[in-house]
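Structural description and commentary
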Amino acid sequence: MDFNVRKLATDAGIFFSRAVQFTEEKLGQAEKTELDAHFENLLSRADCTKNWTEKIYRQTEVVLQPNPGARIEEFLYEKLDRKVPPRPTNGEILGQFMLEAAKEFGSGTPYGSTLIKVGDCQRRLGGAEREFLQTSSISFLIPLRNFLEGDWRTISRERKLLENRRLDLDACKARVKKAKAAETKAAAVPDFQETRPRNYVLSASASALWNEELDKAEHELRVAQTEFDRQAEVTRLLLEGISSTHVNHLRCLCEFVEAQAMYYSQCHKYMLELQRELGRWLCIRFHSCPIVNALHSSPSVNIEEVQPPASGTRKAKVLYDYDAADSSELSLRADELITVYTVPGMDSDWLIGERGNQKGKVPVTYLELLS
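If you're wondering where the values come from, they're calculated on a predicted model, not measured in any experiment.

1. A look at the overall build of the protein
Of regular secondary structure, the protein possesses eight helices and five strands. In the protein, the order of α-helices and β-strands from amino to carboxyl end is α-α-α-α-α-α-α-α-β-β-β-β-β. When contacts within the protein are restricted to residue pairs at least 6 apart in sequence, those whose partners lie at least 24 apart make up 69%. If you sum the accessible surface of the protein, you get close to 24100 Å²; carbon and sulfur atoms cover 57% of it.

2. Re the environment of Asn 51
The residue Asn 51 is located in helix 2 (residues 37–64) in this model. Through-space distance from the C-alpha of Asn 51 to that of Leu 148 is 9.6 Å; in sequence the pair is 97 residues apart.

3. Quick notes on the pairing of strand 2 (residues 337–341)
Most of strand 2 is tucked away: four of the five residues are buried. Relative to strand 2, strand 1 (residues 314–318) is paired through four bridges, and the arrangement is antiparallel. Paired with Lys 317 across the strands is Leu 337, a residue of strand 2.

4. Things to note about the side chain of Arg 166
As for its placement among the helices and strands, Arg 166 is situated in helix 5 (residues 110–188). We classify Arg 166 as buried; its relative accessible area is 4%. At 2.6 Å, the side chain of Arg 166 and the side chain of Asp 170 are in polar contact.

5. Quick look at the packing of aromatic side chains
Aromatic ring pairs are reported here in terms of the distance separating the ring centres and the angle at which the planes meet. A complete count under the given rule lists nine aromatic pairs for this structure. Each ring, one from Tyr 263 and one from Tyr 264, has its centre 5.1 Å from the other, and the planes form 50°; the classification is tilted. The class for Tyr 263 is buried, based on a relative accessible area of 15%. Members of the aromatic cluster, joined through ring pairs, are Phe 132, Phe 140, Phe 256, Tyr 263 and Tyr 264.

6. As for helix 2
Between its first and last C-alpha, helix 2 extends 40 Å over 28 residues, near the 40 Å set by a 1.5 Å rise per residue. In this structure Asp 36 caps helix 2, since a side-chain oxygen of it lies 3.1 Å from the backbone nitrogen of His 38.

7. Some details on the sheet that holds strand 3 (residues 350–355)
What links the strands of a sheet is backbone hydrogen bonding, and the strands pair in either a parallel or an antiparallel sense. Taken in spatial order, the five strands make up an open sheet running 4-3-2-1-5, and their pairing is antiparallel. In the strand order of this sheet, the two ends are held by strand 4 (358–363) and strand 5 (367–369), each with one partner. On average, each strand axis in the sheet is inclined to that of its neighbour by 40°, with strand direction left out of account. Pairing of strand 2 with strand 3 involves three bridges; the strand directions are antiparallel. Along strand 3, the bridge assignment pairs Val 340 with Gly 353.

8. Re the pattern of salt bridges
Under the counting rule described, the total for this entry stands at 15 salt bridges. Of the charged contacts, one joins Arg 166 and Asp 170 as a salt bridge, the two residues approaching to 2.6 Å between their closest N and O atoms. With Arg 166 and Asp 170 both in helix 5, this residue pair falls four residues apart, about one helical turn. Glu 255 is the salt-bridge partner of Arg 251, the closest N and O atoms lying 3.1 Å from each other. With a gap of four residues between them, Arg 251 and Glu 255 both fall in helix 7 (residues 242–288), about one helical turn apart. Among the residues examined, Glu 255 registers a relative accessible area of 31% and is labelled partly exposed. Through salt bridges with shared partners, one network takes in Asp 120, Arg 124 and Glu 273.

9. Focus on unusual backbone geometry
With a phi close to 80°, Asp 335 is a non-glycine residue in the positive phi region. Tracing the sequence through the fold places Asp 335 in the loop between strand 1 and strand 2.

10. A short note on the nonpolar core
Counting 42 residues, the largest nonpolar core has Phe 39, Phe 132 and Leu 239 as the members making the most contacts within it. Breaking this core down by element, the ones donating at least two residues are helix 2, helix 4 (90–105), helix 5, helix 6 (197–240) and helix 7. In terms of residues, this core owes the most to one element, helix 5, which gives 18 residues.

11. Here's the deal with the side chain of Glu 92
Among the structural elements, Glu 92 can be located in helix 4. At 2.9 Å, the side chain of Glu 92 and the backbone nitrogen of Thr 89 are in polar contact. Glu 92 has contacts with Gln 122, Arg 123, Gly 126, Gly 127 and Arg 130, leaving out every residue within four places of it along the chain.

12. A look at the confidence of the model for the protein
Chain-level pLDDT for the protein is 81 on average; 76% of the residues reach the 70-or-more range. The weakest mean pLDDT in the protein belongs to helix 8 (residues 290–296) at 44; the strongest belongs to helix 2 at 94. Overall, residues 191–195 carries pLDDT values under 50, and its contacts beyond four positions in sequence, including any with other chains, amount to five contacts. The low-confidence segment residues 289–299 (pLDDT under 50) makes 10 contacts with residues lying over four places distant or belonging to another chain.

Reading the values: the criteria
- Residues numbered from 1 in each chain as written.
- Predicted model: local features only at pLDDT ≥ 70, side-chain atom pairs only at ≥ 80, totals over all residues.
- Heavy atoms only, no water.
- Helix = DSSP H or I, 4+ residues; strand = E, 2+ residues; numbered from the N terminus.
- Contact = heavy atoms within 4.5 Å.
- Areas by Shrake-Rupley, 256 points an atom, 1.4 Å probe, with all protein chains shown as cover.
- Buried < 20%, exposed > 50% of the residue type's maximum accessible area, 1.4 Å probe, protein only.
- Pairing = 2+ DSSP bridges.
- Polar contact = N/O pair within 3.5 Å; in protein donor to acceptor, adjacent residues only side chain to side chain.
- Phe/Tyr/Trp six-rings, centres within 6.5 Å; stacked < 30°, edge-to-face > 60°.
- Expected span 1.5 Å × (residues − 1).
- Axes fitted to C-alpha atoms, helices over the stretch in contact; angles between N-to-C directions.
- Salt bridge = Lys/Arg side-chain N within 4 Å of Asp/Glu carboxyl O.
- Core = buried A, V, L, I, M, F, W, Y, C linked by side-chain atoms within 4.5 Å.
- pLDDT = per-residue confidence, 0-100.

So this is what it looks like as structure tokens:
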């Protein structure tokens, strides 16, 4: 118990000494040991790395999981060292709702059968999103978090220890300076009056005491300088390791981009397949409708007599194959380019398409109009 009390008193004295030194430095009343320019650059680079890594990490979390409640739940599970229960993505939930609605409306109805197609696509999109979230978390988020919670905490701890060593060093320098000034003053004005020999003895004794105090202060300064230099080297090595951190984060960033590219590529593929399937289905439904066929065969537009306008023609890219239903239409092949325009009295869902010497009506839903 006695040892603990002494240690507590010693620690309190050291803390007070550092506090005094720090305050005097802030007030400009004490000198401060400055670090070299290279070391200051390392410190600045480390702080910059930590700040931006933290911002990128937080915003990536928001991008991957926009729901703050879900993020808090995942954080609590992680702190409790428990596995996060599987949670369906929004796409998967939407797809499930659509499939259940199709059962209610009837899978044989046009709306019900379309809901089945779209719902199945939404479920696949949700599955792709789930894989993307898992991959991004492993390859990007976790390495960034490991840096913030691991390497950076170590660097911060060593930097704090270095700052304490610096305060101790500067406090020792101040004591040495004070002891030298006192010793010089005691040695410069001794009392040599023979009538007062006792004062001379006291003055000589004070000089010896200050000399002893100076030796002690210089010894403490050498020890403090050694500890400061050792801690500075340890901290410098950790700060120089930031370059390796940048290399590691660069690799993780590339993996994150690859995961994003794969995810969006899958989504694009699924949507194109759905669009083609719906386009073919709508085309079949369109041509099988008697009313539409009657309107479609209306002689309001005579293809042979149609002439392209002087202005207003555009290029269009064909998205899907299309087989003409009659001689007034133009068959299309995916990815080809054609010239399109409209004429008065024509249905807005159709355009006149030209390819070389061929001309005919084409459905707008099969085209991507180019500027």
